[in-house]
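# A closer look at the structure
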Amino acid sequence: MMTELPPFTRPEKHSLTLKGHRTSVSLEPAFWQAFIRIARQEHRALNDLAAEIDAARGTDCGLASAIRLFVLSRS
């Protein structure tokens, strides 16, 4: 049996500050909400968690993709 899928929506831009620099990532609302939920559960600031993911991702993966993979690894 297939679980209910979230609505199919386009990615939306979201602003983050990493190491004092503003940047944006384009994420689908379902990924963005899951990312926020994980940060809250871990009692972490969203920008701090994004900076940690950014530092670990290397150069072969964009930040938005790295955040998606991070969210999937926590589900």
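For the structure itself, consult the block above.
As the structure is a prediction and not an experimental result, all values here were calculated from the model.

### Side note on the overall build of the chain
For the chain, the count of helices and strands is 3 helices and 2 strands. Counting from the amino terminus, helix and strand elements in the chain follow one another as β-β-α-α-α. Relative to the 2.2 N^0.38 estimate, which gives 11 Å for 75 residues, the radius of gyration of the chain is 13 Å and therefore close to what a compact globule would have. If one aligns the C-alpha atoms of the chain with their principal axes, the spans along those axes are about 45 × 25 × 20 Å. For the chain, the proportion of its 75 residues judged to be buried stands at 32%. When contacts within the chain are restricted to residue pairs at least 6 apart in sequence, long-range pairs at least 24 apart make up 41% of them. As presented, the chain carries roughly 5,500 Å² of accessible surface, and 54% of it is formed by carbon and sulfur atoms. Across the chain, 10 positive and 8 negative side-chain charges occur, with their mean positions spaced 4 Å apart.

### Side note on the packing of helix H1 (residues 29-41) against helix H2 (residues 46-56)
Packing of H1 against H2 leaves a shortest axis separation of 9 Å and a crossing angle of 105°. Accordingly, the angle class assigned to the pair H1 and H2 is roughly perpendicular. Across the interface between the two elements, Trp32, Phe35, Ile36, Ile38 and Ala39 from H1 touch Leu46, Leu49, Ala50 and Ile53 from H2. Considering only residue class, the contact of H1 with H2 consists of 9 nonpolar, no polar and no charged.

### Description of the packing of aromatic side chains
Counted according to the given criterion, the structure contains 2 aromatic pairs. Measuring from centroid to centroid gives 6.1 Å for tryptophan 32 and phenylalanine 35, while their planes differ by 55°, and the two rings are tilted. With a gap of 3 residues between them, tryptophan 32 and phenylalanine 35 both fall in helix H1, about one helical turn apart. Among the residues examined, tryptophan 32 registers a relative accessible area of 10% and is labelled buried.

Here is what the cut-offs are and how they apply
- Residue positions are given per chain, counting from 1 as you read along its sequence in written order.
- Per-residue local features of the predicted model are confined to residues with pLDDT of at least 70, and side-chain atom pairs are confined, for both listing and counting, to 80 or more; whole-chain, interface and lining totals are unaffected and use all residues.
- Processing note: side-chain calculations cover all non-hydrogen atoms of the structure and skip hydrogens and water entirely.
- Helix and strand definitions follow DSSP, with helices as H or I runs of at least four residues and strands as E runs of at least two, each counted in order from the N terminus.
- Our radius of gyration is a C-alpha quantity, and the globule rule it is checked against amounts to 2.2 Å times the number of residues to the power 0.38.
- Exposure classes here rest on a 1.4 Å probe applied to the protein chains alone. A residue is buried below 20% of its type maximum, exposed above 50%, and partly exposed in between.
- Residue contacts follow a heavy-atom distance rule, with two residues in contact if any of their heavy atoms lie within 4.5 Å.
- Calculation of accessible area relied on Shrake-Rupley with a 1.4 Å probe; when residues are assessed, cover is drawn exclusively from the protein chains displayed.
- His is not counted here, nor are the chain ends, while Lys and Arg score as positive and Asp and Glu score as negative.
- To locate a charge, the coordinates of NZ of Lys, CZ of Arg, CG of Asp or CD of Glu are taken.
- Only C-alpha atoms enter the line fits that serve as axes; for helices the fit covers just the stretch in contact. Angles between N-to-C directions range over 0 to 180 degrees.
- Orientation is classified from the angle alone, with under 35 degrees giving roughly parallel, over 145 giving roughly antiparallel, 65 to 115 giving roughly perpendicular, and any other angle giving oblique.
- In this classification, the charged set is Asp, Glu, Lys and Arg, the nonpolar set is Ala, Val, Leu, Ile, Met, Phe, Trp, Tyr, Cys and Pro, and all remaining amino acids, among them Gly, are polar.
- Two rings from Phe, Tyr or Trp (for Trp, the six-membered ring) form a pair when their centres are within 6.5 Å of each other. A pair whose planes differ by under 30 degrees is stacked, one over 60 is edge-to-face, and the rest are tilted.

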